[in-house]
Amino acid sequence: MTSAQDSVARITYLIAGIIAVVIVIAIPAGYFAVSYQYLGGSIDAQAELSASAIELLVAANPRMWQFEEVRLQEILERHHEFDVPETRLVRDIRGNIMARIAEPVSPPVIKRSFGIYESGTRVGNIEISRSLLPLAGKTSLVCLGSLLLGIVIFYILSVVPLKAVRGAYHSLEESERALRSSEEFIREALDNIDDGFLVIGPDYRIIIANRTYRGWANTQSDGITGRHCYEVLHKKKYPCHEDGADCVVKLVFDTGEFQTGEQTYEDSSGLTQHIEKKAFPIKDKSGAVTSVIEVVRNITEHRLLESEQLKTQKLEAMGTLAGGIAHDFNNLLQGVFGYMSMAKMHLDQREKALAMIEQAEKALNMSVNLTTQLLTFSKGGKPVKKMITLKPVIETAAKFALSGSSSDYRAEIAPDLWRVAADEGQIGQVVQNIVLNAKQAMPHGGTVEILAGNISMPEGENPLIPDGGKFVEIVIRDCGIGMTDEKIARIFDPYYTTKQSGSGLGLATAHSIIKNHDGMIEVASVPDKGSTFTIYLPANSADEETLQAVPLSVSVRKGKILVMDDEEMVRAVAASMLQAMGHEVVSVKDGEEAIETFRKARNSDRPFDIVILDLTIRGGMGGELAVRELLEIDPKIKAVVSSGYADNQVIADYKTAGFTAFLNKPYRIDELAAKLSELLA
C-alpha cells in the first residue's frame, strides 16, 4: 500500500472509532434526556390536574379550604402511580403543609411545583417529588446495549476490505488525471481563439485570462491572475464605472443578466483600440452571481471601416446635394438670363419688356424659395418664434397644397389645442410639404387625414424625447402607395426623392424645421397601404405671447437711413430703393464705420431715423456687435437686422439682441417700404 492509501486506512479506522464512541455515548445520553423530559412532563401534567381540582375546592370554600384535609388527600391520590416511589404534598402560601402522601424516595430526585390560584391570586402550591433511580437503572441497561452496538459497528467498519478503498483511490486518481487533462484542453482551446476571454471575481480580480487577452495586456499568465481587470487594459486605479463608464461586469453582478457594451483603451503603442465586451453570469445553486465570464473582441478595424463608409456616404450625399442644387439653380438662372435677354430685345415695346422682367422676377423668387429650403435644413434658417394657434396654420397649408388636385383632406383638430411658440411660416411649410408628399403618393386621388391634439408624454416613454413633457401632436395620414423600410430610412435625406417631379428638399426641410423647434417627426409606412407622418411640437405654457406685427401704414414722413453691408452691390441696390422712396441714405461697409457715422450724425443734430445692419461682415464688425455700441449712443435707436443666412440665435430672437425688426435677404422694394413705413409711422 502506498503512503496515501495507508493514510486512507488510518482515517477509516479513526472514523470507525469515532462513530462507535459516538454511538456508545449518544444513545444512553439521548435515552436519558428524552426519558427525563418525559418524566418531568408527566409530573407537570399530574401536578396541573391536581392543582386544578384544588382550585375548584378553593373556589367553593375560599376561607376554609386549608382544613379540608380529607378532600385534599383524595385529590393527591388521584392519578397517583403507587408502583413508583413518590411524595406529594399541598402547601399554603406560608409554606405550611395542608395534606401529603409520603413514600420513601431515594435520591437522586426530580421535583416539580405548581401554583394554586384563587381569582388570579396565588394561595398555595402542590409539590410532587419522584426518584430517578428507576430511570438510572434503565439508562444503565441502554449503556450496555449501546456499548455492544458500538463494538459491533467498529468491528464491521474496521474490517471493510481495503481493496474497495484502493479501488476508490485509483478511481479518484483517474478522475484527477482526467480533470487535469480537461483543464489543459480547455486552456489550450481558449488560448487559440482570437477573442479575449477571462473570468472575473466579485472583487473585479481576474481569475482566468486567455493568451489573446494577455497579449493585449502585454503580460504573462502569472502576471495577470489576481489583478483587477481595470488595471490591466485601462491602466486605472479604480473601477471603470466610477468614471461614469458602462461596466458590463458590474451590470452582470447587479442584474444577474447577460450584458454587452463597448469601451476603448490605449495599447502599448499609444493607439486607441475599440473593444466589444460581452459578459455572462456564473451563478451558484441559490442563483447568486459568483463570477463573470467576459468575452472581449477587438473591433477597431470594424469601426475604422464604418467610419470610412460613413465618410463615403456623406460625400455621396453632398455630391447628390451639390448636383441637385446646381441642376435647380441652372434651370432658374436659365429662366432669369433668358427673360432678361428677351427684355433687352424688346426695350422699345414696354409691355413686352415688363412681361419678360416679371417672368425673370418669378424665376428669382423660385431661387429664393430654393435657398430658403437649403438654409432650413442646414445650420441656418433659425425660426423666428411667436405664440401661435396651429389650427388656421394647418388648414391653410393643407388647402394650399391640395388646391387644383383630385385629393381632399379631412381635419380633426382638438378645440382646446395648446398653443406653441413657433415660426408660423415654417410650420405651415412643414404641413404643406407633407400634405404635398401625400398628394403625390395618391396619383388617383384620395383623402389626406389630419389629426391634431394635445399629448402629455411621460419621461422616458420616447427615447427621442427622453425628458417627456407636453406636446401638440399632428398626425398626417394618406392612403397612397406607401414606402419600404429602405425608403423610410432615407426619406429625410436632401435631394432624395421617389417622385418623377420634385426636388427632394420638401421632407428634408420639414425634418430640419421641426428639429429647430425642439420637436420630433416620425414616419411609418406600409407598401400599398399608405404612410403616416407624426409631428410633436413642444406646447408653450407661457402666458405672454409675442405681439403680432402692427398693421402697416404709409409713412407720413421721409427718413434718414443708414445702411451697413460689406457687399458693394447690396449697398448700391438698397440705396437706390431707399432713394426711390424719397429717403435720405448713407451707406457704410462695416460696423466700425457705421458707429462713427452714426455718432457724427447725432452730434450734428441730424441723426439717423433708422439703421439697417447686415448681420455678418467678412473681416469686420457685424451687426450683432455694432448694435450694442449704437444702443449705448442712443438707447432709442430703431435698428433693423438684415441677413440672408441665420447661423446663430440673433435672427430667431432679434429683439433680445437689441434690434427692432428683421429684414430677410433678398427683399423686394415693397417689402422694404412696408418695413420702413411700420417703423416711421
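Before reading on, note that the structure itself is shown above.
A few points on the structure. Worth saying up front: this structure is predicted, and the values here are computed from it rather than measured.

Following the criterion strictly, the structure yields five aromatic pairs and no others. With a centroid separation of 6.4 Å and 80° between ring planes, the pair formed by Tyr204 and Phe253 is classed as edge-to-face. Of the two residues, Tyr204 is situated in the loop between strand 5 (196-200) and strand 6 (206-209) and Phe253 in helix 7 (residues 248-255); the sequence distance between them amounts to 49 residues. Between Phe258 and Phe280, the ring centres sit 4.9 Å apart and the planes meet at 35°, which makes this aromatic pair tilted. Taken together, the positions of Phe258 in the loop between helix 7 and strand 7 (259-266) and Phe280 in strand 8 (residues 272-283) put the pair 22 residues apart, joining distant regions of the chain. Note on Phe280: relative accessible area 33%, which makes it partly exposed. A cation over an aromatic ring shows up here: Lys560 above the ring of Phe608, its NZ or CZ 4.7 Å from the ring centre.

Bringing the environment of Asp191 into the picture now. Along the polypeptide, Asp191 turns up in helix 4 (residues 162-191). C-alpha separation for the pair Asp191 and Asn210, spaced 19 residues apart in sequence, amounts to 5.0 Å. Discounting residues that sit within four places of it in the chain, Asp191 has contacts with Asn210, Arg211 and Arg214.

Before going further, it helps to examine the pairing of strand 20 (residues 639-643). Burial analysis of strand 20 places five of its five residues in the buried class, the great majority of the element. Looking at chain direction, strand 19 (residues 610-614) and strand 20 are connected through four bridges and run parallel. Residue pairing across strands places Leu613 opposite Val641, the latter belonging to strand 20. The β-α-β motif built from strand 19, the intervening helix 16 (residues 623-633) and the parallel element strand 20 has right-handed crossover chirality. One ladder, built from four bridges, connects strand 20 with strand 21 (residues 661-664); its direction is parallel. By the bridge assignment for strand 21, Ser643 is matched with Asn664.

Quick look at a nonpolar patch on the surface now. A cluster of nonpolar side chains, Leu144, Leu147, Leu148 and Ile151, forms an exposed patch at the surface whose accessible area comes to about 380 Å². With respect to the helices, strands and loops of the structure, Ile151 is situated in helix 3 (residues 133-158).

With 13 residues, helix 15 (residues 591-603) should reach 18 Å at 1.5 Å per residue; the first-to-last C-alpha distance of 18 Å fits that figure. Every buried residue of helix 15 is accounted for by Gly591, Ala594, Ile595, Thr597, Phe598 and Ala601. Here the buried face of helix 15 lies against strand 17 (560-564), strand 18 (584-588), strand 19 and helix 16. Where helix 15 starts, the residue carrying a side-chain oxygen 3.4 Å from the main-chain nitrogen of Glu592 turns out to be Asp590. Immediately downstream of helix 15, the backbone of Asp605 shows phi near 65°, a positive value.

How each quantity is defined
Every chain is numbered independently, its residues counted from 1 as its sequence is written. The predicted origin of the model limits local features to residues at a pLDDT of at least 70 and limits the giving and counting of side-chain atom pairs to 80 or more, whereas totals for whole chains, interfaces and linings rest on all residues. Each side-chain value is derived from all of the structure's non-hydrogen atoms; neither hydrogens nor water enter the calculation. Aromatic contacts are taken between Phe, Tyr and Trp rings whose centres are within 6.5 Å, Trp giving its six-membered ring; a plane angle under 30 degrees counts as stacked, one over 60 as edge-to-face, and the others as tilted. Secondary structure elements follow DSSP: runs of H or I no shorter than four residues count as helices, runs of E no shorter than two count as strands, and numbering proceeds from the N terminus. Only protein chains enter the accessibility calculation, which uses a 1.4 Å probe. A residue is then buried if its area is under 20% of the maximum for its type, exposed if over 50%, and partly exposed in between. Distance and angle both matter: a charge sits over a ring if NZ of Lys or CZ of Arg is within 6 Å of the ring centre and within 35 degrees of the ring normal. Whether two residues touch is decided by their heavy atoms; if any such pair falls within 4.5 Å, the residues are in contact. Two strands form a pair only when DSSP identifies at least two bridges running between them. Looking down the strands as they point away from the viewer, one classifies a crossover as right-handed if the path from the first strand across the helix to the second runs clockwise. Like-charged residues within 9 Å of one another, or nonpolar side chains (Val, Leu, Ile, Met, Phe, Trp, Tyr) within 5 Å, are grouped into patches, provided each residue has over 30% relative accessible area and no salt bridge. Per-residue and other accessible areas were derived by the Shrake-Rupley procedure at a 1.4 Å probe size, with only the shown protein chains allowed to occlude residues. By salt bridge we mean one thing: a side-chain nitrogen of Lys or Arg within 4 Å of a carboxyl oxygen of Asp or Glu. The length a helix should cover is 1.5 Å for every residue beyond the first. Any pair of nitrogen or oxygen atoms within 3.5 Å is treated as a polar contact; in protein, a donor-acceptor pairing is required on top of that, and neighbouring residues in sequence qualify only through side-chain atoms on both sides.

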